[in-house]
Amino acid sequence: MDKQSEDINNTPLEVGTAREEEKKSSGKSFLGGMLFGMLTVLLIGVCVYVGKLAYDLFAVREAGTGSAGGGSVVSTETIQKMKTIEEVINTYYYGNEVTATELQDGVYEGMMLALGDPYSEYYSKEELEDAINSNQGISYGIGAYISINKQMNMAMINGVMEDSPAQEAGLREGDIIYKVGDEFTQGLSLTKVVNMVKGREGTTVQITIYREGEADYLDMEIVRAKQIETTTVDSGIVEDHENIGYIRIREFDGVTVDQYTEAVAVLKEQGMEAMILDLRSNPGGDLTAVVDIARKILPAGLVVYTEDKQGERKEYTCDGKNELQIPLVVLVNEYSASASEILAGAIQDYNMGTLIGTTTYGKGIVQRIHRLDDGTALKLTISAYFTPAGRNIHGIGIEPDIELEYDYEANEADGTDNQVLKAVEVLEGKMK
C-alpha cells in the first residue's frame, strides 16, 4: 500500500493530491532551518561475479557515450584495489557489522551512482519484486502513495488510501517524510524510501514528518497492513454541477486502465457531458497504461514517441476510434511527472482539452528494468520521449494553457479547490 511512483518504464517507478505540495517559500525556510547529516558510503567487496557483471555492462561500450574512459572499468588493478579495500574494512572499520552480500551490493549500487542519473538504480531481488508488484497495482505497507519533493529532495506523501493505516495514523497529502526510523530521507532515491516504509504485515514503522504550519516534527508509529490491490482512479460528479464529471488518476499502473474505463462509463450513465481529468501530483507509472488511456481520449495519430542513444525511434499511436467527444479540462501541477506529462502533453498538442494549473515536473526520459542472471536487476534510463508535436519536455515541463496557483489557504479554510472551480468555469463556457 505504499506505492512507488515511477517513470514511464516497463516497471513503474516512473515513474501520485488533493492538497498540493509544499509552497516553495516554506520549503526554503524548512531547508534553511533543517539539521541533518548525509553519509554516502560505497561499500566494496570482492566477488568474481562482480568482475563478470561489470565487464558485461561496460566492456563492449568502446565508442559509445558514457564509456569508462574508452575501456572496461574492470581490470587487474581494480580487482586488486577492491581486495585491498575489503581487507582495510575488515581490519579497521568500527561500526555496524557488514556482510559480504551488503558489500557486494554496494559495488553494484556504486556503479549506478556513478552515472549521475537519479532515475537509474540497482535492484536487489527483493527490490525487483516490489517494483514488479508496484507496476501491477499491488502494494503493501501503510497505505500511502509516496513521491519525491523536488525542492527539498525528500520523500513526500502524495496520497493516502481510504481506511488504511496511514489514514488512521493521521498522515496527510503533502507531508514530507523527514526520517524513517533513525535514517534521514534527504537525498535517498524513491525506491530506497519506499522499501524502508514497507515491511511485513503487523510490523511497525516509525516515520518522522515535516508538515507545513506545525511548530515541530511529527512522529508517527504505523502498523503495516497486508498486501492489497491499489485504487489508482477516483471519480464522481462535481458537486452542484450534475453534468460535469471528475476523474483523478493518482498514478499509472496495470490496474489503472480498467479503473479509468469503468469510471468513465459510470459517469456517462450519470449524465456526464464534460470532464475534469485531474493529474495533479501524478508521478507517472507504466508507459503501456498511459498509452492505453490516451487511446480512449485522442484522435488518430501519435500518442508519444521515444528515441534511444542510437537514434532509433519507437512510436505509440492511436486509431482514434474512441476519441473523447465531450469538453475536457486537465489539471496539472509541478508534481505531475513522466507518464502524466505524456498524457497532458498529447492532449495539449491535439487541442483536445484545456490544461489548468502550474508547469509540470519535466521528466521526459524512460527507464527499463534489465534483469540479471542472479535475480537482481538494473533500472536504467534508455531513451527520451517526445510529445506528438516533437517536444522533449525533460527539465522543462509542460506549461498549462491557464496558469493558476493552488490556493492552499482557501482549501484549509473550507475545502475549496480553486483549480477545480476554474475548470468548471471553463467547461461551462465550452458547453454553451
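Residues numbered from 1 in each chain as written. Predicted model: local features only at pLDDT ≥ 70, side-chain atom pairs only at ≥ 80, totals over all residues. Heavy atoms only, no water.

## A short note on the overall build of the chain
Scanning the chain for helices and strands turns up twelve helices and 21 strands. Within the chain, the proportion of its 432 residues that are buried is 51%. Just so you have it, the chain exposes about 19,900 Å², and 49% of that area is on carbon and sulfur atoms. (Helix = DSSP H or I, 4+ residues; strand = E, 2+ residues; numbered from the N terminus. Buried < 20%, exposed > 50% of the residue type's maximum accessible area, 1.4 Å probe, protein only. Areas by Shrake-Rupley, 256 points an atom, 1.4 Å probe, with all protein chains shown as cover.)

## Observations regarding the nonpolar core
Grouped burial of nonpolar side chains is what soluble globular proteins tend to show. I247, Y260, L277, I297, L343 and I347 are the most contacted members of the largest nonpolar core, which totals 42 residues. Listing elements by their share of this core, those giving two or more residues are β13 (244–249), α8 (256–269), β14 (274–278), α9 (287–294), β15 (301–308), β16 (313–318), β17 (328–332) and α10 (339–349). Not counting the four nearest positions on each side in its chain, I347 is found in contact with L277, I297, L298, L328, V330, M352, G353 and L355. Ranked by size, the runner-up nonpolar core spans 20 residues in total, among them V180, V197, I207 and I222. (Core = buried A, V, L, I, M, F, W, Y, C linked by side-chain atoms within 4.5 Å. Contact = heavy atoms within 4.5 Å.)

## Focus: the packing of α8 against α9
Their axes nearest at 9 Å, the elements α8 and α9 cross at an angle of 25 degrees. One finds that α8 runs roughly parallel with respect to α9. Once α8 is placed against α9, the crossing between them reads as right-handed. Note on element contacts: α9 touches α8 through A289, D292 and I293, opposite T256, V257 and Y260. (Axes fitted to C-alpha atoms, helices over the stretch in contact; angles between N-to-C directions. Parallel < 35°, antiparallel > 145°, perpendicular 65-115°, else oblique. Left-handed = near helix turned anticlockwise from the far one by under 90°.)

## Some thoughts on the sheet that holds β14
If you walk across this open sheet you meet the six strands as β12-β13-β14-β17-β18-β21, and the pairing is mixed. Bordering the open sheet on either side are β12 (233–237) and β21 (402–403), each of which pairs with just one other strand. Lying on the sheet, helix α12 (residues 418–431) is in contact with β13, β14, β17, β18 (354–357) and β21; it crosses β17 at an angle near 160 degrees. (Pairing = 2+ DSSP bridges.)

## Let's talk about the confidence of the model for the chain
Per-residue pLDDT for the chain has a mean of 82; in total, 81% of the residues score no lower than 70. Every residue in residues 1–7 is under pLDDT 50, and counting partners more than four places away or in other chains gives 74 contacts. Within the model, pLDDT remains below 50 along residues 9–68, and this stretch shows 181 contacts once partners closer than five positions in the same chain are excluded. (pLDDT = per-residue confidence, 0-100.)

## Quick word on the packing of aromatic side chains
Following the criterion strictly, the structure yields five aromatic pairs and no others. Ring plane angle 5 degrees and centroid distance 4.2 Å describe the contact between Y178 and Y217, whose orientation is recorded as stacked. Separated by 39 residues along the polypeptide, Y178 in strand β7 (residues 176–180) and Y217 in the loop between β9 (204–210) and β10 (218–223) bring together distant segments of the chain. The exposure class assigned to Y178 is buried, which follows from its relative accessible area of 6%. When its relative accessible area of 29% is taken as the criterion, Y217 is described as partly exposed. An aromatic cluster is built from Y178, F184 and Y217, whose rings are joined through pairwise contacts. (Phe/Tyr/Trp six-rings, centres within 6.5 Å; stacked < 30°, edge-to-face > 60°.)

## Examining the side chain of E173
Checked against the element boundaries, E173 lands in the loop between α6 (165–169) and β7. With a relative accessible area of 11%, E173 lands in the buried category. Within the local environment of E173, its side chain forms a polar contact with the side chain of R250, the two groups lying 3.4 Å apart. (Polar contact = N/O pair within 3.5 Å; in protein donor to acceptor, adjacent residues only side chain to side chain.)

## Some remarks on unusual backbone geometry
For residues other than glycine, phi is negative in most cases, and the peptide bonds are mostly trans. We note that D240 has phi near 70 degrees; this positive angle belongs to a residue other than glycine. Along the polypeptide, D240 turns up in the loop between β12 and β13. Since its relative accessible area comes to 72%, D240 is described here as exposed. The phi angle at S281 is positive, at roughly 60 degrees, despite the residue not being glycine. Mapped onto the secondary structure, S281 falls in the loop between β14 and α9. Using a relative accessible area of 1% as the deciding quantity, one classes S281 as buried.

## Points about the pattern of salt bridges
The tally for this structure, following the rule as stated, stands at 13 salt bridges. One salt bridge connects R250 with E173, and the closest N-O pair in it is separated by 3.4 Å. Of the two residues, R250 is situated in the loop between β13 and α8 and E173 in the loop between α6 and β7; the sequence distance between them amounts to 77 residues. Side by side, R250 and E173 carry an identical accessibility label, which is buried. In this structure, the salt-bridge partner of R295 is D292, at a minimum N-O distance of 3.2 Å. The class for D292 is partly exposed, based on a relative accessible area of 25%. Each of E173, D234, R248 and R250 takes part in one network of salt bridges that share partners. (Salt bridge = Lys/Arg side-chain N within 4 Å of Asp/Glu carboxyl O.)

## A look at the environment of G390
With respect to the helices and strands, the residue G390 is situated in the loop between β20 (377–386) and β21. Look at G390 and you get partly exposed, because its relative accessible area is 33%. Along the chain, G390 and D349 lie 41 residues apart, while their C-alpha atoms are 9.4 Å from each other.

## Here's the deal with the pairing of β20
Summarising burial for β20: seven of the ten residues are buried, a large majority. For strand β3 (residues 121–123) and β20, the ladder comprises three bridges, and the chain directions are antiparallel. Residue E121 lies in a different strand from β20, and its bridge partner there is K379. Relative to β20, β15 is paired through four bridges, and the arrangement is antiparallel. Bridging across to β20, T306 finds its partner in Y385. Here strand β19 (residues 365–371) runs beside β20; their pairing, made up of seven bridges, is antiparallel. Paired with I365 across the strands is A384, a residue of β20. Hairpin geometry of β19 and β20 is characterised by an intervening segment of five residues between the two adjacent antiparallel strands and by a positive phi of about 95 degrees at G375.

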